[in-house]
Amino acid sequence: MELILALIALPLIAGLAMLAVRGNKLRAALLCAVVIPVGVASILLTAMDTPFTSSLVNLSGPAIHWSMFALEMLMGLFMAAVGVRYQRPLIYLLALSQVAILGWLEVNAHGAESAAGILYVDKLAVIMALINGAIGGGICLYALSYMKDYHEHDHKEVADRRPLFFALLLIFMGAMFGLVFSNNLSWLQFFWEITTLCSFLLIGYTQTPEAHKNALRALTMNLLGGLAFSLAILYLHRKNGPMDLQSLLASSKAIVLLPAALLAFAGITKAAQLPFSSWLLGAMVAPTPVSALLHSSTMVKAGVYMVLRLAPVLAGNSVGLIVAIIGSVTFVVGSLAATTQSDAKRVLAWSTIANLGLIVLCGGIGTPEAIWAGVLLIIFHALAKCLLFLCVGLVEHKTHSRDIDAMSGLVVRMPRVAILMLIGMAGMFLAPFGMLISKWAVLKAVIDQYPLLSVFIAFGGAATLYFWVKWMGKIVEVVGKPEPLRPELTWGQASILYGMAAATFATCMLFPLISWALVEPYLAELHLKSDLLSHGNLILVMLMMALILLFPLSFLYYGRGGTLSEPYLGGANVDAGPTFVGSAGVITTSATRGYYLHGILDERWLARCGEFACIALLALMILLAVTL
Amino acid sequence: MFGAKKSPWLIHYDASSCNGCDIETLACLTPVYDVERLGIVNTGNPKHADIFLVTGAVNPQSHDVIINIYREMPEPKVVVAVGTCACTGGIFKECYNVSGGIDKVIPVDVYVPGCAARPEAIIDGVVRALAVLEQKYNARKKGVSHDATANT
Amino acid sequence: MIPWLNILLYLLLAPVVGGLLSGLDRIISARMQSRQGPPILQPFYDVSKLWQKQTLVVRSSQNFFIVVFLAAVIFTGGLFFSGSDLLLVVFGMTLAAVFFIMGAFKGSSPFSFIGAQRELIQVMAYEPMILLAAIGMYMATRSFQVAEIAGAGDHAAKVAGHTLPLVFALPGIFLGLLYMLIIKFRKSPFDLSSSHHAHQELVRGATTEFSGRGLALIEIAHWYESVLFLGWVYLFFATLPVLGIAVALLVFVLIILVDNVFARLKWQAALKSAWLVTLLLGFGNIVVLSLLR
């Protein structure tokens, strides 16, 4: 249907138009005019019958073909120019290689593709489109007020390039739609490269030396993935193999294993798996909407989407096993590293890397249960992580700190944001909410295929629990008499955040519905039967109900729970604490910091070990793909 | 309900004691006297305690601390002043920094004299405090409170 | 079919059994220290007294977390004893622990904060092992359902007409789990967060700011937990019920012995040793199991 073409084209065109828009009000109007219909459309998409494709003959025609070719060449040359300008020979070489391969492929083209094979919309594409449209759209709207404050109050030193910023956000959204709807690998690569470029420009938005450095690092790693992508296409071209995903998935493993490995490599770089995690960590210098949109909810999902797409090819062979191990190692290292950090955004970044590792693990295993778990993980993670990033951005804006230990008493200082954060965090790890269900499913999938991988999940899960609960505890503890910060939320911010929290909550409560309506049909489209959590489902829902019901009871219990007293400070309290009479009668204030496991775990050491291990694993993966 | 007399948890505080009474108090926990037979546990946390066992006289430094600890104890509670200093100020009564016994600051229910008070006497004092405690439980059940500093 | 009788029995009997075990704990510890110790019903007197005391709180909502903690423990134990999914039991235990920790954080005093932190470290220390234990049981019996695990699965070896108990397939996991039980029972050398004994460096650690009914609920929750943990020990010997109960009680006494013999470890040592034990005994057992398949 032409809806999907509209979904791809509208944000792209509007994005370009945004470059010319100077005024705030016009910008807001244009953004709403695009984002809201797109969001609604992506929701409507879930009700449609899939799979379907577009029947527009012009899709394979010369007009679109040459424009795409020209744009890709331009992008490649632009990135090469960036490499020259900032003296990064690696960028220059990678970009030029891609340009060269692209040119070679064009010269030796086999012939036009049929229009029918270019786009393909199945349930997985619908789910990804929903995330992109709904969550991405929400972030774009949020960014309107956030960037206004950013430039007019907080960061007057940063050049106001909002036309470019919002243009990039919209172009990115369009590219993501293109990415998930594309079946043809060349088209996929085109949109893949657009996301790389958007990411580069957005990370470097603040134009500080640190931003530049991190943007260039992101560009390098993503270009490496892009090169792998090009090599995969090149290989398939030389072997006269299938040039689109659906045919690839249906082909015999002998031909497609190496391209699949290369495509998985590309997915691993974009999903910031080890050894390519440092770009995501570095991307935290960008304004919060960028972190939320690109680097937790949507762009990195493109990487795991690719791996999950390849799951039927990766299932049951050693290449898939290696991919699964890379995901597992990333999960453990990411979770352990997050326990050592007190910078909230860095914790969120590591947590993202770790959870993407879980999804990559699912893709590598490739069994129906694993794919089911992986898709659910994508959904829950996108929602919860987005909510958390937006809230942390808000907290940073109001309290001028993003240190976790500075968030003590947030439940009194910024109660609404605190509760939203608690909902997000609960959604990330707590039973019976979203991620827990997915982790449960992952565990069950792992045990039947590769039981030894369960040890990664065990340790990673324990570390995950640790840093989330530590953070949650800091938010709810109230020392002394903190003052509420007013105003806390504008009505615009509130509506988006409440909407996301409601969506997180609803998704958790209704996950059986989502599974039935979207995920299981996807498995059916892959002709896979599965024996999923069925009886377990029922108990889970009961568990959920019981616990959710207790929560409102707390408001009855509130205030009637006991007589207020002061915390124990050895009897030396002054007023209600935290000040106390110290030695020699000096009034002292007690302060506590969380345990960040210093002396046991060190972030750099963990990252180094993980990178080393995963580089070896990647080399092994390519080797196996070539020789098998 | 049962348990009022059978589970006396105490918090022990040294107001300005020379530690003589403290040592005798802690001796009660040792195998020779073994007060855990009676269910007595030395908690060290006022919120968990029923019996406030104080040794030593009151001086400016311990004045506020005694009040704070007493206030942080949930109802019903009893106070046992152990040793002559806690009862009346003892031989330090005339000192410039000593206000007197514990009853200058908080209501005391049982006085255990001695310098140092003997473990047997301390245990006896705690047992008598239990009887007072039981009265307070009953009063509390009837809705009347005897303590002046309740709910502060 | 949900075995309602099992759940009801657990709901009503577990606190009684747990309380008696707690009393037994104190008596045995006392005897080891050449003392007489309290009467065996002492924990009941304690909880009864606490119930009648005034409840003081630092923050009005702190006891709410304890109520949910207790509810989660009861739910988890009910799941276990009704023969349900063991993984869900493990997740339920974690959920309960999280609520307890959050309640302790709510206490907002330095002692309760550090107690909560250390409790969290303890949870992180034992969590991998209990998950691997559930996984090991699955690998040995091909089922996560406690009811089926109790029967040791279809492939269990039989000797003289009796099915061999699970412990023969899972010796490493059994020993690893015992190590973690010392942590879960909050006994030395791992009583970092809140010890039942007299003064410790954190006053009462995680339970410092709780009193009256809140504290009573914590105590009752610990009773329910004890029965659940010992139930899991029993599961390793479930095909020979009498032996199972005997071993469970023996393990309990052993933990008390360890408690009285060892001094408290620093949290670094506790965490490192627990993870090392998990890797060597727990993961090692799983490696062996997967090789033998």
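Residues numbered from 1 in each chain as written. Chains lettered and ligands numbered in written order. Predicted model: local features only at pLDDT ≥ 70, side-chain atom pairs only at ≥ 80, totals over all residues. Heavy atoms only, no water.

**Describing the interface of chain C and chain A**
Reasoning step 1: Chain C puts 64 residues into the contact, and the matching count from chain A is 58 residues.
Reasoning step 2: The tally of links from chain C across to chain A stands at 2 salt bridges.
Reasoning step 3: Across the pair Asp85 of chain C and Lys444 of chain A runs a salt bridge whose closest N-O atoms are separated by 2.9 Å.
Reasoning step 4: At the boundary of chain C and chain A, one finds 13 residue pairs in polar contact (both at pLDDT 80 or more).
Reasoning step 5: Looking at the side of chain C that touches chain A, the elements with two or more residues in it are β1 (56–57), α3 (62–81), α4 (86–106), α5 (110–141) and α10 (267–292) of chain C.
Reasoning step 6: Looking at the side of chain C that touches chain A element by element, the count peaks at 17 residues for α5 of chain C.
Reasoning step 7: For the side of chain C that touches chain A, a count of residues per class yields 40 nonpolar, 15 polar and 9 charged.
Reasoning step 8: Bridge count for strand β1 (residues 563–564) of chain A against β1 of chain C is 2 bridges, and the pairing is parallel. Bridging across to β1 of chain C, Leu564 of chain A finds its partner in Val57 of chain C. (Contact = heavy atoms within 4.5 Å. Salt bridge = Lys/Arg side-chain N within 4 Å of Asp/Glu carboxyl O. Polar contact = N/O pair within 3.5 Å; in protein donor to acceptor, adjacent residues only side chain to side chain. Helix = DSSP H or I, 4+ residues; strand = E, 2+ residues; numbered from the N terminus. Nonpolar A, V, L, I, M, F, W, Y, C, P; charged D, E, K, R; others polar. Pairing = 2+ DSSP bridges.)

**Digging into the packing of aromatic side chains**
Reasoning step 1: Scanning the model with the defined rule gives 30 aromatic pairs over all chains in all.
Reasoning step 2: Here Phe265 of chain A and Phe276 of chain A contribute two aromatic rings whose centre-to-centre distance is 5.6 Å and whose plane-to-plane angle is 65 degrees, an arrangement assigned as edge-to-face. Of this pair, Phe265 of chain A sits in helix α10 (residues 253–270) while Phe276 of chain A is found in the loop between α10 and α11 (278–282), placing the two residues 11 residues apart along the sequence. With respect to class, Phe265 of chain A is no different from Phe276 of chain A; both count as buried.
Reasoning step 3: Taken together, the ring pairs in this structure connect Tyr10, Phe80, Phe81 and Tyr224 of chain C into an aromatic cluster.
Reasoning step 4: If you follow Lys77 of chain B out to its NZ or CZ, it ends over the ring of Tyr70 of chain B, 4.2 Å from the centre. (Phe/Tyr/Trp six-rings, centres within 6.5 Å; stacked < 30°, edge-to-face > 60°. Buried < 20%, exposed > 50% of the residue type's maximum accessible area, 1.4 Å probe, protein only. Lys NZ or Arg CZ within 6 Å of the ring centre and 35° of its normal.)

**Looking at the pairing of strand β3 (residues 51–55) of chain B**
All names here are of chain B.
Reasoning step 1: Most of β3 sits inside the fold, with 5 of its 5 residues counted as buried.
Reasoning step 2: The two faces of β3 match: Ile51, Leu53 and Thr55 on one face and Phe52 and Val54 on the other face are all buried.
Reasoning step 3: In terms of strand pairing, strand β1 (residues 9–14) meets β3 through 5 bridges, oriented parallel. Each bridged residue has a counterpart across the sheet, and for Ile11 the counterpart in β3 is Phe52.
Reasoning step 4: In this fold, β3 hands off to helix α2 (residues 60–71), which returns the chain to strand β4 (residues 78–82); that crossover is right-handed. (Right-handed = clockwise from strand over helix to strand, strands pointing away.)

**A look at unusual backbone geometry**
Reasoning step 1: The linkage connecting Glu75 of chain B with the following residue, Pro76 of chain B, adopts the cis geometry, with an omega of -15 degrees.
Reasoning step 2: Looking along the chain, the bond that leaves Cys115 of chain B and enters Ala116 of chain B is cis, with omega of 0 degrees.
Reasoning step 3: Considering the arrangement of structural elements, one finds Ala116 of chain B in the loop between β5 (110–112) and α4 (119–141).
Reasoning step 4: Unlike most non-glycine residues, Ala584 of chain A shows phi in positive territory, near 60 degrees.
Reasoning step 5: Among the structural elements, Ala584 of chain A can be located in the loop between β2 (579–581) and β3 (587–589).
Reasoning step 6: On the accessibility criterion, Ala584 of chain A (81% relative accessible area) is exposed.

**Quick notes on the interface of chain B and chain C**
It is common to report an interface's size as the accessible area lost on association of the parts.
Reasoning step 1: Each side of the interface is counted separately: chain B has 33 residues, and chain C has 31 residues.
Reasoning step 2: A combined buried area of about 2,800 Å² lies between chain B and chain C, and 51% of that area is made up of carbon and sulfur atoms.
Reasoning step 3: The interface formed by chain B and chain C contains 6 salt bridges.
Reasoning step 4: Linking Lys47 of chain B and Glu209 of chain C is a salt bridge whose minimum nitrogen-to-oxygen distance equals 2.5 Å.
Reasoning step 5: Run the count over chain B and chain C and you get 20 residue pairs in polar contact (both at pLDDT 80 or more).
Reasoning step 6: Broken down by element, the residue count for the side of chain B that touches chain C peaks at 3 residues, all from α4 of chain B.
Reasoning step 7: Residues belonging to the side of chain B that touches chain C are distributed by class as follows: 12 nonpolar, 10 polar and 11 charged. (Buried area = accessible area lost by both parts, 1.4 Å probe.)

**Looking at the pattern of salt bridges**
Reasoning step 1: Following the criterion strictly, the structure yields 32 salt bridges over all chains and no others.
Reasoning step 2: Arg346 of chain A is paired through a salt bridge with Glu603 of chain A; the nearest N and O atoms lie 2.9 Å apart. Placement of Arg346 of chain A in helix α16 (residues 344–365) and of Glu603 of chain A in helix α25 (residues 603–627) is noted, with a sequence separation of 257 residues between them.
Reasoning step 3: Looking at Arg346 of chain A, the relative accessible area reads 27%, which means it is partly exposed.
Reasoning step 4: Of the charged contacts in the structure, one is a salt bridge between Arg26 of chain C and Glu36 of chain B, with a shortest N-O distance of 2.9 Å.

**Here we look at the domain arrangement of chain A**
Residues and elements named next belong to chain A.
Reasoning step 1: Domain assignment breaks chain A into domain 1 (1–43 + 53–147 + 157–310) and domain 2 (315–479 + 490–556).
Reasoning step 2: Distance from the C-alpha centre of domain 1 to the C-alpha centre of domain 2: 25 Å.
Reasoning step 3: Taken together, the contacts link 41 residues of domain 1 with 44 residues of domain 2.
Reasoning step 4: Here domain 1 is connected to domain 2 by 0 salt bridges.
Reasoning step 5: Linking domain 1 with domain 2 are 10 residue pairs in polar contact (both at pLDDT 80 or more), by the criterion used here. (Domains from an automatic or database assignment.)

**A few points about the nonpolar core**
Reasoning step 1: By size, the foremost hydrophobic cluster in this structure holds 349 residues, and its most contacted members are Phe181, Met421 and Trp471 of chain A together with Trp232 and Phe236 of chain C.
Reasoning step 2: With 22 residues, the single largest contributor to this core is helix α17 (residues 368–399) of chain A.
Reasoning step 3: When sequence neighbours within four positions are dropped, the list of residues in contact with Met421 of chain A reads Leu388, Cys391, Val392, Val395, Met407, Leu410, Trp471 and Ile475 of chain A.
Reasoning step 4: Ranked by size, the runner-up nonpolar core spans 21 residues in total, among them Ala4, Val80, Val110 and Val126 of chain B. (Core = buried A, V, L, I, M, F, W, Y, C linked by side-chain atoms within 4.5 Å.)

**Notes on a nonpolar patch on the surface**
Reasoning step 1: On the surface, Leu5, Leu8, Leu9, Leu11, Leu12, Leu13, Val16, Val17, Leu20, Ile40 and Leu41 of chain C cluster together into a nonpolar patch covering about 920 Å² of accessible area.
Reasoning step 2: Examined against the element boundaries, Leu41 of chain C turns out to sit in the loop between α1 (4–32) and α2 (42–52). (Patch = residues over 30% accessible without salt bridge, like charges linked within 9 Å, V, L, I, M, F, W, Y side chains within 5 Å. Areas by Shrake-Rupley, 256 points an atom, 1.4 Å probe, with all protein chains shown as cover.)

**Quick word on the sheet that holds β3 of chain B**
Residue and element names in this part refer to chain B.
Reasoning step 1: Pairing is parallel across the open sheet formed by 5 strands, whose spatial order is β2-β1-β3-β4-β5. Looking along the sheet, the strands with just one partner apiece sit at the ends: β2 (41–42) and β5.
Reasoning step 2: Its contacts with the sheet put α2 on β1, β3 and β4, and the angle it makes with β1 is roughly 170 degrees. (Axes fitted to C-alpha atoms, helices over the stretch in contact; angles between N-to-C directions.)

**A short note on α1 of chain C**
Residues and elements named next belong to chain C.
Reasoning step 1: Under the 1.5 Å per step criterion, the end-to-end length of α1 is 40 Å for 29 residues, consistent within 8% with the ideal 42 Å.
Reasoning step 2: Along α1, the helix axis deviates most sharply at Leu13, where the bend reaches about 40 degrees; the proline Pro15 sits within four residues downstream.
Reasoning step 3: Remark: Ser34 follows α1 within two positions and exhibits a positive phi of approximately 60 degrees. (Expected span 1.5 Å × (residues − 1). Bend = angle between axes of the 7 residues up to and from the residue.)

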